[in-house]
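One letter stands for each residue in the lines below.
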Amino acid sequence: MGKKIAPQLVVIDTNVLVSCFLFGGRLERLRDLWKKRTIVPLVSRATFDELRRVLSYPKFSLSHKELQTIIDIEILPYFEVIKIECEIRDTCRDPHDDKFLAVAANGMASWLITGDQDLLVLQVFQQTKIITPADFLNQITDTQGF
């Protein structure tokens with residue numbers, strides 16, 4: 001029997017999650033990874049509130065029931081909520097993105113998955129590699145044998 005590989009702790013930024021939930025495509029593989037517990041997405045109260053707010057935008061036309069289903073079925077069973085003990089400030093050139101760095105640092109995430117250039121330009125923050133969804137999926141496929 002093969003050695004069980006511990007799940008990778010990851011932070012997935014809001015835009016990537018919205019694309020994953022609403023548009024699928026290649027990002028659908030992220031959902032498969034967290035449902036198989038290959039990865040454990042980390043959120044804080046601030047990043048979760050942002051995700052819920054963005055999913056509620058009228059342009060996405062989600063009913064309250066559809067939004068609640070995403071939260072109850074796709075997020076709550078799989079995501080781990082991290083308490084922010086140590087705030088991160090003035091690190092990212094967009095101060096609104098510091099909250100994702102705070103989740104990564106406080107949750108000791110291996111990866112921060114984002115398409116946001118303001119985060120990607122950092123490349124690494126403390127112990128967390130900052131990477132695009134495509135690069136992450138390529139790397140996890142190579143290392144996990146998918």
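Residues numbered from 1 in each chain as written. Predicted model: local features only at pLDDT ≥ 70, side-chain atom pairs only at ≥ 80, totals over all residues. Heavy atoms only, no water.

1. A short note on the pattern of salt bridges
1) Next: For the structure shown, the criterion picks out eight salt bridges.
2) Next: With its nearest N and O atoms 2.9 Å apart, the salt bridge here joins K99 to E50. You can see K99 sitting in helix α5 (residues 98-107) and its partner E50 sitting in helix α3 (residues 45-55), a full 49 residues away along the chain. Accessibility assignment for this pair places K99 and E50 in one class, buried.
3) Next: Several salt bridges converge on common partners, so that one network encompasses E28, R31, K35 and E74. (Salt bridge = Lys/Arg side-chain N within 4 Å of Asp/Glu carboxyl O. Helix = DSSP H or I, 4+ residues; strand = E, 2+ residues; numbered from the N terminus. Buried < 20%, exposed > 50% of the residue type's maximum accessible area, 1.4 Å probe, protein only.)

2. Some thoughts on the packing of aromatic side chains
1) Next: The final tally for this structure, using the stated rule, is five aromatic pairs.
2) Next: Taken together, a centroid distance of 4.9 Å and an interplanar angle of 80 degrees make the contact between W34 and F79 edge-to-face. Of the two residues, W34 sits in helix α2 (residues 28-35) while F79 sits in the loop between α4 (64-75) and β3 (80-81), which places them 45 residues apart along the sequence. An identical accessibility class is assigned to W34 and F79; each is buried.
3) Next: Three or more aromatic residues joined by ring pairs make a cluster, and in this case those are F21, W34 and F79.
4) Next: We note K129 situated over the ring of W111; from NZ or CZ to the ring centre the distance is 5.0 Å. (Phe/Tyr/Trp six-rings, centres within 6.5 Å; stacked < 30°, edge-to-face > 60°. Lys NZ or Arg CZ within 6 Å of the ring centre and 35° of its normal.)

3. Quick notes on the pairing of strand β1 (residues 8-12)
1) Next: Relative to strand β2 (residues 39-43), β1 runs parallel, the two sharing three bridges. Bridging from a neighbouring strand, L9 pairs with V40 of β2.
2) Next: Bridging between β1 and strand β4 (residues 111-113) involves three bridges; their strand directions are parallel. Each bridged residue has a counterpart across the sheet, and for V10 the counterpart in β4 is W111. (Pairing = 2+ DSSP bridges.)

4. Re unusual backbone geometry
1) Next: Phi angles above zero are rare outside glycine, and R37 is one such case at about 65 degrees.
2) Next: Among the structural elements, R37 can be located in the loop between α2 and β2.
3) Next: Its identity is not glycine, yet M108 carries a phi of approximately 55 degrees, on the positive side.
4) Next: We classify M108 as exposed; its relative accessible area is 60%.

5. A short note on the environment of C86
1) Next: Along the chain, C86 falls in the loop between β3 and α5.
2) Next: With a relative accessible area of 46%, C86 lands in the partly exposed category.
3) Next: Considering only alpha carbons, one finds C86 and A102, 16 residues apart in sequence, at a separation of 7.1 Å.
4) Next: If we ignore the near neighbours within four places in the chain, the residues touching C86 are A102 and N106. (Contact = heavy atoms within 4.5 Å.)

6. Focus on the sheet that holds strand β5 (residues 124-125)
1) Next: Sheet architecture is open: six strands sit in the order β3-β2-β1-β4-β6-β5, paired in mixed fashion. Each of the sheet's edge strands pairs with one partner strand only, and the pair in question is β3 and β5.
2) Next: Pairing of β5 with strand β6 (residues 128-131) involves two bridges; the strand directions are antiparallel. Residue pairing for β6: F125 is matched across the bridge by T128.

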